[in-house]
Amino acid sequence: PISIRGADDWDPPTIEIGVPIDGEQVVFDTNAEAQGHDFFRIGGMDISKDGRWMLYGTDTSGDERYDFRIRSLETGKELPEVFKGIGGACFTPDAQWVFYVKLDDAWRPYAVMRHRVGTPVTDDVEVYHEQDERFWVGIGLSFDEWNVWYHYAKNGRVPEKWTVARPIEEENYDFADALLVGSML
């Protein structure tokens, strides 16, 4: 390969420890968050599309059950709702909702929950529940960020029939479309 650099190219900033870089904001300092814990692991992070909110999960015991919180990136303050001991979470594109996955006693992701940001987690609604213990569920945004998808698999294998999303403006997408197009990007 031949690398070419032109006059309009961007030069990365010179980084000096302890000296902030103009225009940059630290959104999560893992070292600071880990203070006071013998174990600390980040279990996922999602920044709202408007850049105001961060949804993040931490494990401080090593059991791979994450407590997710919502933090304002403007003030650094956290909202009161905490999603305790879950497997993962994501914002909807408008950041008005959080979808998250609950774990059973065997650490199997089995249920997808919907939470309205700013309300108590006791008001959350289960939107999908996998009864068959051989299957697990997961969530994520579609490649175009129009849908929150849930999917399920058995022993790491996905069933032949995919769950189809509701049509959007004369288009039909399903999870396989998101995987195919997402892998081509």
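Provided above is the structure to which this section pertains.
Basis of the calculations
Residues numbered from 1 in each chain as written. Predicted model: local features only at pLDDT ≥ 70, side-chain atom pairs only at ≥ 80, totals over all residues. Heavy atoms only, no water. Helix = DSSP H or I, 4+ residues; strand = E, 2+ residues; numbered from the N terminus. Buried < 20%, exposed > 50% of the residue type's maximum accessible area, 1.4 Å probe, protein only. Pairing = 2+ DSSP bridges. Axes fitted to C-alpha atoms, helices over the stretch in contact; angles between N-to-C directions. Patch = residues over 30% accessible without salt bridge, like charges linked within 9 Å, V, L, I, M, F, W, Y side chains within 5 Å. Areas by Shrake-Rupley, 256 points an atom, 1.4 Å probe, with all protein chains shown as cover. Salt bridge = Lys/Arg side-chain N within 4 Å of Asp/Glu carboxyl O. Core = buried A, V, L, I, M, F, W, Y, C linked by side-chain atoms within 4.5 Å. Contact = heavy atoms within 4.5 Å. Phe/Tyr/Trp six-rings, centres within 6.5 Å; stacked < 30°, edge-to-face > 60°. Lys NZ or Arg CZ within 6 Å of the ring centre and 35° of its normal.

A.B. asks: Where do I start with unusual backbone geometry in this structure?
C.D. replies: Leaving glycine aside, a negative phi is the common case for residues, and trans is the common case for peptide bonds. One non-glycine residue, Ala95, lies in positive phi territory at about 60 degrees. Within the element layout of this structure, Ala95 appears in the loop between strand E4 (78-91) and strand E5 (97-103). Unusually for a residue other than glycine, Trp107 sits at a positive phi of about 70 degrees. Inspection of the secondary structure assignment puts Trp107 in the loop between E5 and strand E6 (109-116). Here Trp107 falls in the partly exposed class, since its relative accessible area comes to 41%.

A.B. asks: Looking at this model, I keep getting lost on the sheet that holds strand E1 (residues 41-47). Mind explaining?
C.D. replies: Adjacent strands of a sheet form backbone hydrogen bonds with each other and so pair up, either parallel or antiparallel. Pairing is antiparallel in the open sheet, where seven strands are placed in the order E1-E2-E3-E4-E5-E6-E7. Of all strands in the sheet, those bounded by a partner on one side alone are E1 and strand E7 (125-129). Within this sheet the neighbouring strands show an average axis-to-axis angle of 30 degrees, counted without direction. Pairing geometry for E6 and E7, over four bridges, is antiparallel. Counted as the bridge partner of Met113 is Glu126 from E7.

A.B. asks: Is there a simple way to think about a nonpolar patch on the surface in this case?
C.D. replies: Together, Ile42, Met45 and Ile47 give the surface a local cluster of nonpolar side chains, amounting to about 220 Å² of exposed area. Classification of Ile42 by relative accessible area gives partly exposed; the value is 33%.

A.B. asks: Please explain the environment of Val137 as it appears in this structure.
C.D. replies: Positionally, Val137 belongs in strand E8 (residues 135-141). Taking the C-alpha atoms as reference, Val137 lies 6.8 Å from Ala111; in sequence the two are 26 residues apart.

A.B. asks: Would you take a moment to explain the nonpolar core for this structure?
C.D. replies: One broad trend across soluble globular proteins is that nonpolar side chains are buried collectively. Leu55, Phe83 and Val98 are the most contacted members of the largest nonpolar core, which totals 13 residues. The set of elements that each furnish at least two residues to this core consists of strand E2 (53-59), strand E3 (66-72), E4 and E5. Broken down by element, the residue count for this core peaks at four residues, all from E4. Sequence-distant contacts of Val98, that is, excluding residues within four places in its chain, are made with Leu55, Ile70, Phe83, Ala89, Cys90, Phe91, Met113, Arg114, His115 and Val117. The next biggest cluster of nonpolar side chains, apart from the first, holds seven residues, and it includes Cys90, Phe99, Val101 and Tyr128.

A.B. asks: Explanation requested: the packing of aromatic side chains in the structure shown.
C.D. replies: The geometry of an aromatic ring pair comes down to the distance between the two centres and the angle between the two planes. Counted according to the given criterion, the structure contains two aromatic pairs. The interplanar angle of 45 degrees and the centroid separation of 4.9 Å between the aromatic rings of Phe83 and Tyr100 together place this pair among those described as tilted. Placement of Phe83 in strand E4 and of Tyr100 in strand E5 is noted, with a sequence separation of 17 residues between them. Taken individually, Phe83 and Tyr100 each receive the classification buried, so the pair is uniform in this respect. Arg65 extends its terminal NZ or CZ atom over the ring of Trp107, reaching a point 4.2 Å from the ring centre.

As far as function goes, none of this settles anything; it's purely spatial.
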